[in-house]
Amino acid sequence: MSNFPSMEQWQRLYDLADQIKALKPWMILAETDLFGVRDPESGVDSFVSVMGSGGEHFAVAVYIGVESLFQFWMLQDPNSDAPPEMVLTIRQLQLSFENRDDLDDDDIELIRTLQRKYRGKQAWPAFRSFVPGYLPWRIDASEASLLIHVLEQTLDVAARAMKDISLLEPPDDNTYLFRVPNVTDGAIAWEDQLIAVQPPQPVEYAVPMRSDLLEQMKKLPKRKKSSFEMEFFPLPRPVADESGRPYLPTMLLAVDDSSGMIVITEMIPPAVGLIETILQVPQALAKGLIALGYVPGVIKVQNPMAAEMAKFLQNAAGWKVKQQNELKMLNPALDFLMSSMEMGSFEGEDDEDLDAQALKIFQEMLGEEDEEASVRHRGPGVVQSAKSGKAKTPDKPKTSKPTQVYQLKITLKDARPPIWRRVLAPDNLTLNQLHQVIQVAMGWYDAHLHEFEIAGVSYGSPDFDFGIDMKDDNRVRLSQVIGKNTKRFRYTYDFGDDWVHVIEVEKVLPYEQGRVYPLCLAGKRACPPEDIGGVWGYESFLATINDPSDPEHEEMLEWVGGEFDPEEFDIEEVNAIFASMSKG
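Residues numbered from 1 in each chain as written. Predicted model: local features only at pLDDT ≥ 70, side-chain atom pairs only at ≥ 80, totals over all residues. Heavy atoms only, no water.

**Thoughts on helix α12 (residues 431-442)**
This is how the line gets drawn: Elements are defined by DSSP. Helices are runs of H or I of four residues or more, strands are runs of E of two residues or more, and each kind is numbered from the N terminus. The length a helix should cover is 1.5 Å for every residue beyond the first. Residue exposure (1.4 Å probe, protein chains only): buried if accessible area is under 20% of the type maximum, exposed if over 50%, otherwise partly exposed.
The end-to-end C-alpha distance of α12, which contains 12 residues, comes to 16 Å, matching closely the 16 Å that a straight helix rising 1.5 Å per residue would cover. In terms of residue burial, α12 counts as a mostly covered element, since 11 of its 12 residues are buried. Those residues of α12 not exposed but buried are L431, N432, L434, H435, Q436, V437, I438, Q439, V440, A441 and M442. Of the residues flanking the end of α12, it is G443, one or two places downstream, whose phi is positive at about 110°.

Given below as structure tokens:
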């Protein structure tokens, strides 16, 4: 460490630690008996809190700056919901007295080098720096200099306060006893002053947003019926920055609220402070949406700050932001992630990037293989979930170049008036890839099981244990099952609602080099909402939303996001998603 404290500084710090341990100021002082010390070198005011009156943790905390002082008092508010551990997110320095096993190897080596001896519980001094977003870390030379000044004045104030506690009982809540330095010819003389401390002035914060990301996001297709649950949170496993200092990265997580599938995971490194870190959420959200390939119609959040971050992109994205008491789909995914980390899934290897580790956790959670195996997806950029355990992804068929293109008409059986799409699909697509094409073209969200029935044979995902005669649709290409005698076959989605699609092979065309496939040529009418009860449930749904006198009219409209046009079909949105899939 290039800015490591000198041996002289360390000797002085340990001398002061020994004196404070012998004085035992926590016998008289409470954690809230704060006083200030003005740094003679920087002029910054720090506020000292002596901890240990409860007999559990003996320490001297030095809260640096007025903002840190008011953060401390905010956490002392009995109406605050923040856990006590939040005090560690405040910018501070600490001298604490620990058990030997709680010290790092560097602490032990330093104590040996200084030839100091400690024995017993809570007797070993430890000096730590706390920066928001980072884990406690070794202090540097400038922090050592500040801590020496503060601990010297702590001994002075504590010794006097232990004789007369009224020393720390100023006339009002805004006034503090300060130790203020007078520097003359390099010599420092300290004096007491009572100083009123005003709350910090509100700061104008700017949300960092790359203009190119914003423009890309504006061009994304809108899926009005899609709804995401979103949250951001610190991960419980640290990684190291370039200097080796460990920090807890913030993760942005978004889940499709109809299926529970994770659609966005973005890592956010710590900024100067907690607020600055949070302000990076909109940019991370824009990145995740660009990777996903579309924008949802609704963003659901739980905490107010997440709502504000989602609203920042509201004009550009065109979505609605809804704040609610519970995120039913996101919370289980988050609980699994956290429990996986607590169980040691993150090994903390220096040479392994946290993004890769977190991705591995999500892959295991969602039933995927690791990066050495092929990864299945549901639609553009959406990870496929498994019913239980870790699904085994089969080997994909050998790669082949397309030679022909099938013009397929996909019609939803029994829907009146007809709901259909016409698409071009290369012959080298697997049936599972055709399944993804159908999902996008129709407007489904791939939240349920599916099956192809072609010439009396069933194809699907055998990992879901649907049936012993079902063949794996990842292993079969269109060219293998569509021939002269196969002009029509069936595709069923969601075995509860039983959405049966009739697929007709209208034409076999030559493959055109340079043309984007798959491609939607035409279509009519909107895709029904998921989980509506099949074709007959859809008819009842349309009757309800078209009848304002129906008692379920408002509830049904709210369920689909406030509006639903059964005649709407956006071919440009579909082809934009297809284009993003082909790039991937």
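**So, the sheet that holds strand β22 (residues 519-524)**
Which entries qualify depends on this criterion: What makes two strands pair is DSSP finding at least two bridges between them. By the convention used here, residues are in contact when the closest approach between their heavy atoms is within 4.5 Å. Interaxial angles span 0 to 180 degrees and are taken between N-to-C directions of axes, which are lines fitted to C-alpha atoms, for helices over the stretch in contact.
Strand order in the open sheet formed by 8 strands is β19-β18-β17-β20-β21-β15-β16-β22, with mixed pairing between adjacent strands. Across the chains shown, the open sheet's two edge strands, defined by having one partner strand only, are β19 (471-472) and β22. In terms of strand pairing, strand β15 (residues 404-412) meets strand β21 (residues 499-510) through 9 bridges, oriented antiparallel. The residue bridging K409 from the neighbouring strand is E504, located in β21. Across the face of the sheet, α12 comes into contact with β15, β16 (420-426), β17 (450-454), β18 (457-460), β20 (488-493) and β21 while running at roughly 115° to β17.

**Regarding the sheet that holds strand β8 (residues 222-234)**
Read from one edge to the other, the open sheet built from 5 strands follows the order β12-β11-β8-β13-β14, with strand pairing classed as mixed. Of all strands in the sheet, those bounded by a partner on one side alone are β12 (262-268) and β14 (320-323). Each strand of the sheet is rotated relative to its neighbour by a mean of 25°, with strand direction disregarded. Of the pairings in the sheet, the one linking strand β13 (residues 295-301) to β14 comprises 4 bridges and is parallel in character. Pairing of I299 across the sheet is with V321, part of β14.

**Some remarks on the nonpolar core**
Inclusion rule: For the purposes of this section, nonpolar cores are sets of buried Ala, Val, Leu, Ile, Met, Phe, Trp, Tyr and Cys residues that join through side-chain atoms within 4.5 Å.
Counting 76 residues, the largest nonpolar core has M217, L252, W319, L431, L434 and F452 as its most contacted members. Per element, the largest residue contribution to this core is 7 residues, and it comes from α12. When residues no more than four places from it in sequence are discounted, the contact partners of W319 are L285, L289, V295, P296, G297, V298, I299, A310, L313 and Q314. Within the second largest apolar cluster, 43 residues are counted, among which are I64, F97, I111 and A161.

**Quick word on the pattern of salt bridges**
Our working rule: Whenever a carboxyl oxygen of Asp or Glu lies within 4 Å of a side-chain nitrogen of Lys or Arg, that contact is scored as a salt bridge.
A full pass over the atoms with the stated rule returns 22 salt bridges. For D45, the salt bridge goes to R38, with nearest N and O atoms at 2.6 Å. On the basis of relative accessible area, D45 is assigned to the buried category, the value being 16%. For R38, a relative accessible area of 25% gives the class partly exposed. Residues E512 and R515 are paired through a salt bridge, measuring 3.4 Å at the closest nitrogen-oxygen approach. Residue classification places E512 among the partly exposed residues on the basis of a relative accessible area of 42%.

**Some details on the packing of helix α1 (residues 7-23) against helix α4 (residues 141-161)**
How we decide: By the definition adopted for this analysis, an angle is roughly parallel if under 35 degrees, roughly antiparallel if over 145, roughly perpendicular if from 65 to 115, and oblique otherwise. In a left-handed crossing the near helix is turned counterclockwise from the far helix by less than a right angle, and in a right-handed crossing that turn is clockwise. Under the scheme applied here, ten amino acids are nonpolar (Ala, Val, Leu, Ile, Met, Phe, Trp, Tyr, Cys and Pro), four are charged (Asp, Glu, Lys and Arg), and all others, including Gly, are polar.
At a closest axis distance of 10 Å, the pairing of α1 and α4 adopts a crossing angle of 25°. Our classification of the angle between α1 and α4 gives roughly parallel. As for how α1 packs across α4, the hand of that crossing is left-handed. Contacts from Q9, R12, L13, L16, Q19, I20 and L23 of α1 reach α4 at A141, A144, S145, L147, I148, L151, E152, L155, A158 and A159. Split by residue class, the contact of α1 with α4 holds 12 nonpolar, 3 polar and 2 charged.

**What about the pairing of β16?**
With 7 of its 7 residues buried, β16 lies for the most part within the structure. Covered by surrounding structure in β16 are W420, R422, L424 and P426 together with R421, V423 and A425, the residues of both alternating faces. Sheet analysis places β15 next to β16, joined by 7 bridges and oriented antiparallel. Residue pairing in the sheet places K409 in a bridge with R422 of β16. As defined by bridge partners, β16 adjoins β22 across 5 bridges and the pair is classed as antiparallel. Residue pairing across strands places V423 opposite C520, the latter belonging to β22.

**Some words on the side chain of Q94**
Inclusion rule: Pairs of N or O atoms are called polar contacts if they sit within 3.5 Å, as long as, within protein, a hydrogen donor faces a hydrogen acceptor (for residues adjacent in sequence, only side-chain-to-side-chain pairs).
The residue Q94 is located in strand β4 (residues 92-98) in this model. Of note is the side chain of Q94, whose polar atom sits 3.1 Å from the side chain of Q92.

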